[in-house]
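# Structural characterization, general
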Amino acid sequence: MRLRILVAGGLVWAYAASAAASAATADLKGVWRVEDQTGEIEIADCTGLLWGIVVWERTPGRDTENPDPALRGRPTLGMPILLGMRPVVEPHAEGPQTIWRGQIYNSRNGKTYDASIKPVDADTLHLEGCVLGGLFCGGQNWTRVKPPTVAPPAIAGDVCSRISDLARRPH
């Protein structure tokens, strides 16, 4: 009898964790303004992983510090910066919470960091990047961008089509 209860409890936890991951994916998709208001990142679910590309910048930039000479100097507009974020369901007092873990690329210094994204509320997410296995971390809150009444010019292709070749080369 005790084994059945444990198995049933495990199935309930797995279902709740799966539901939380699905809900969190839906919550994070969309366009987010970075904390210093200098750019906007579109986040999309690409085959179960979250990816994000730069879709607006206050000042156009170039990826001048990329370690790959073939990518150095490309425009930062349209560039992937959130890379392959995977859901991790963690227990919390309020119930299971999904945190997305992967990497973030910083074109200002050409480095890629371990990163996590956690929804704070419906219109805020907290992004944290770390180095040295989490020894040094920094974070910021991003704010959801409400859809404009008039659509801006689109970046060529959607988020997932822009990251399709990342498996073959560095970002």
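To be clear, the structure that these remarks concern was listed above.
Everything numeric in this text was worked out from a predicted model, so none of it was measured. (Residues numbered from 1 in each chain as written. Predicted model: local features only at pLDDT ≥ 70, side-chain atom pairs only at ≥ 80, totals over all residues. Heavy atoms only, no water.)

## So, unusual backbone geometry
Note on backbone geometry: most residues besides glycine have negative phi, and most peptide bonds are trans. Non-glycine residue Q37 carries a positive phi angle of around 65 degrees. For Q37, the location among the structural elements is in the loop between β1 (30-33) and β2 (39-46). Even without being a glycine, T47 presents a positive backbone phi close to 50 degrees. Mapped onto the elements, T47 comes out in the loop between β2 and β3 (49-57). (Helix = DSSP H or I, 4+ residues; strand = E, 2+ residues; numbered from the N terminus.)

## Here we look at the pattern of salt bridges
Any two side chains of opposite charge can pair, on the condition that their charged atoms come close. The full count for this structure, using the stated rule, is six salt bridges. Across the pair D123 and R144 runs a salt bridge whose closest N-O atoms are separated by 3.4 Å. On the criterion of sequence distance, the pair formed by D123 in the loop between β6 (111-121) and β7 (124-131) and R144 in strand β8 (residues 136-144) is long-range, its members being 21 residues apart. One salt bridge connects K146 with D123, and the closest N-O pair in it is separated by 3.1 Å. Of the two residues, K146 is situated in the loop between β8 and α2 (159-163) and D123 in the loop between β6 and β7; the sequence distance between them amounts to 23 residues. By relative accessible area, K146 is classed as exposed at 52%. (Salt bridge = Lys/Arg side-chain N within 4 Å of Asp/Glu carboxyl O. Buried < 20%, exposed > 50% of the residue type's maximum accessible area, 1.4 Å probe, protein only.)

## As for the pairing of β7
The pairing of β6 with β7 spans seven bridges and is classified as antiparallel. Within β7, the residue paired with D121 across the bridge is T124. The hairpin formed by β6 and β7 contains two residues between the paired strands. In terms of strand pairing, β7 meets β8 through eight bridges, oriented antiparallel. If you follow H126 over to β8, its bridge partner there is N141. (Pairing = 2+ DSSP bridges.)

## Considerations on the sheet that holds β7
Read once around its circumference, the closed barrel built from eight strands follows the order β1-β2-β3-β4-β5-β6-β7-β8, with strand pairing classed as antiparallel. Strand-to-strand twist across the sheet, computed as the mean angle between neighbouring axes with direction ignored, equals 35 degrees. Relative to strand β5 (residues 97-106), strand β4 (residues 80-90) is paired through seven bridges, and the arrangement is antiparallel. Bridge pairing in β5 places V88 opposite I99. (Axes fitted to C-alpha atoms, helices over the stretch in contact; angles between N-to-C directions.)

## So, the side chain of E40
Relative to the helices and strands, E40 resides in strand β2. For E40, a relative accessible area of 10% puts it in the buried group. Those residues in contact with E40, other than ones at most four positions away along the chain, are V31, W32, R33, I53, V54, V55, W56 and V145. (Contact = heavy atoms within 4.5 Å.)

## Some details on the nonpolar core
Formed by 27 residues in total, the largest nonpolar core has its most connected members in I41, I43, L82, I117, L125 and W142. Of all the elements in the fold, those that place two or more residues in this core are β2, β3, β4, β5, β6 and β7. Counting residues per element, this core draws most heavily on β3, at five residues. Setting aside chain neighbours within four positions, we find W142 in contact with W32, R33, V34, E35, I41, I43, I81, L82, D123, T124, L125 and L127. (Core = buried A, V, L, I, M, F, W, Y, C linked by side-chain atoms within 4.5 Å.)

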